Amino acid sequence: ITPGCPGFYAPEHEAAWKRIVDFVHAETPAKMCAQIGHSGPKGSTQLGWEEMDAPLTSGNWSLMAASDVAWSESNQVPKPMTRADMDQVTAQFVASAEMAERAGFDMLELHCAHGYLLSSFITPLTNTRTDEYGGSLENRMRYPLEVFHAVRAVWPDAKPISVRISANDWVGDDGVTPEEAVEIARMLQDAGVDICDVSAGQTSKRAEPVYGRMFQTPFSDRIRNETGMATMAVGNIYEPDHVNSILMAGRADLVCLARPHLANPYWTLHAAAALGDAETKWPNPYGPGADQMRRLAERGEGVSMRV
Ligand SMILES: Cc1cc2nc3c(=O)[nH]c(=O)nc-3n(C[C@H](O)[C@H](O)[C@H](O)COP(=O)(O)O)c2cc1C
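Because the structure is a prediction, the values reported are computed rather than measured.

Student: I tried to follow helix α7 (residues 240-248) on my own but got confused; where do I start?
Tutor: Every buried residue of α7 is accounted for by Pro-240, His-242, Val-243 and Ile-246. Projected down its long axis, α7 carries its buried residues within an arc of 165°, all on one side. Phi turns positive one or two residues past the end of α7, at Gly-250, with a value near 70°.

See below:
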């Protein structure tokens, strides 16, 4: 997406990922999931803390997408992908999956959300194709599913694959609706995707999202309970009680927290301590910190998290 993004397309990426994954596996029982994606119409943009989604001030590279629909008036108009482009990008996804496997990742996620390349095929807002890759939902899903099948073929059978989708374009009936997202999930389920990571939005500048606590969880809830497919909920979930309520109410099978972990990488360990869970494994060098936090938590002290 940006010149600062981590990648899965060069030998040095593989070596760097392997070092990280090996370290995590050596020091903790945590599992690592690699998300692979292609930036499509939102590529060649500035770092997130510069001007988000804005083109680079110099050195831009050319873009490809489902159709010649630019992200905004100031972004490049992408080239609609030809069959040869699709084959090339599919091969790149496969090479990335193989790299993730060699680096030791436990799970793979295919990024089909947020307006990037595969998402640009799924949403009708950015897919105006008239061939078998545009029009009906079946056609719009064709290329993302081709990529999934190609990746699944090289990813070890014993390791799961998730697919992240935008379950709502937030533009009403002109875009993907939560109802259509159920159909998308059904297609993923039929294709053999293990779990659907249910995000939303970031597919169009026209979007009018309705934010709030756990605001995307209803889409996960709906997909899980209408299709029986396993789901992940994400989006403004920030208290342990949110997480446990989502799980216990059967609204998702896994819960993802992004920004809370940027603010506090130990968020999950702190939540476990606050809830009185003495089993969660902390990395050995941090054990004394865990002991103290657990003792304090029993007295209702020391953990700032509300549970
Ligand atoms: C700095 C940053 C980087 C992100 N990068 C990705 C990404 O690479 N892929 C993705 O699917 N979502 C990405 N997201 C979105 C998060 O995965 C998540 O969906 C979003 O932040 C909402 O969840 P939260 O409220 O727990 O932060 C990113 C978010 C942030 C803040």
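After presenting the structure, the write-up continues.
Student: So what exactly am I meant to see when it comes to the pairing of strand β4 (residues 107-112) here?
Tutor: Two faces belong to every sheet, and in a regular strand the side chains alternate between them. Judged by how many residues are buried, β4 sits mostly within the fold: 6 of 6 residues are covered. Burial along β4 is two-sided: Met-107, Glu-109 and His-111 and Leu-108, Leu-110 and Cys-112, pointing in opposite directions, are all buried. Pairing of strand β1 (residues 33-36) with β4, which is carried by 4 bridges, proceeds in the parallel orientation. When the sheet's bridge partners are listed, Ala-34 is paired in β4 with Leu-108.

Student: What is the right way to look at the sheet that holds strand β7 (residues 231-234) in this model?
Tutor: Adjacent strands of a sheet pair through backbone hydrogen bonds, lying either parallel or antiparallel. Read across the open sheet, the 6 strands follow the order β1-β4-β5-β6-β7-β8; overall the sheet is parallel. In this open sheet, the two strands that pair with only one neighbour each are β1 and β8 (254-256). Strand after strand, the sheet turns through a mean of 25° between neighbouring axes, direction not considered. Bridge analysis of β7 against β8 gives 3 bridges, and the strand direction is parallel. Across the sheet, the residue bridging to Met-232 is Leu-254, located in β8. Against the sheet, helix α2 (residues 83-103) makes contact with β1 and β4, and its axis sits at roughly 165° relative to β1, the strand it touches most. The strands touched by helix α6 (residues 217-227) are β5 (161-166), β6 (195-199) and β7; relative to β7, the strand with the most contacts, the crossing angle is about 170°.

Student: Is there a simple way to think about the environment of Ile-161 in this case?
Tutor: Structurally, Ile-161 can be placed in strand β5. Among the residues examined, Ile-161 registers a relative accessible area of 1% and is labelled buried. In the structure, Ile-161 is positioned 27 residues away from Leu-188 in sequence and 11 Å away in space, judged by C-alpha atoms. Beyond its immediate sequence surroundings of up to four residues, Ile-161 is in contact with Leu-108, Phe-148, Val-151, Arg-152, Trp-155, Val-193, Asp-194 and Ile-195.

Student: I tried to follow the packing of aromatic side chains on my own but got confused; where do I start?
Tutor: The way to describe two aromatic rings as a pair is by their centre distance and the angle between their planes. In total, this model carries 9 aromatic pairs according to the counting rule given. Centre to centre, the rings of Phe-8 and Phe-105 are 5.9 Å apart; their planes meet at 65°, and the pair counts as edge-to-face. Residue Phe-8 is located in the segment before α1 (11-27), and its partner Phe-105 is located in the loop between α2 and β4; the two are separated by 97 residues in the primary sequence. Feature note: the residues Trp-170, Tyr-211, Phe-215 and Phe-219 constitute an aromatic cluster, connected by ring pairs. The ring of Tyr-116 carries Lys-42 above its face, with NZ or CZ at 4.9 Å from the centroid. Lying over the aromatic face of Trp-155, Lys-159 brings its terminal NZ or CZ to 5.3 Å of the ring centre.

Cut-offs and rules
- Residues numbered from 1 in each chain as written.
- Predicted model: local features only at pLDDT ≥ 70, side-chain atom pairs only at ≥ 80, totals over all residues.
- Heavy atoms only, no water.
- Buried < 20%, exposed > 50% of the residue type's maximum accessible area, 1.4 Å probe, protein only.
- Helix = DSSP H or I, 4+ residues; strand = E, 2+ residues; numbered from the N terminus.
- Arc of directions from axis to C-beta.
- Pairing = 2+ DSSP bridges.
- Axes fitted to C-alpha atoms, helices over the stretch in contact; angles between N-to-C directions.
- Contact = heavy atoms within 4.5 Å.
- Phe/Tyr/Trp six-rings, centres within 6.5 Å; stacked < 30°, edge-to-face > 60°.
- Lys NZ or Arg CZ within 6 Å of the ring centre and 35° of its normal.

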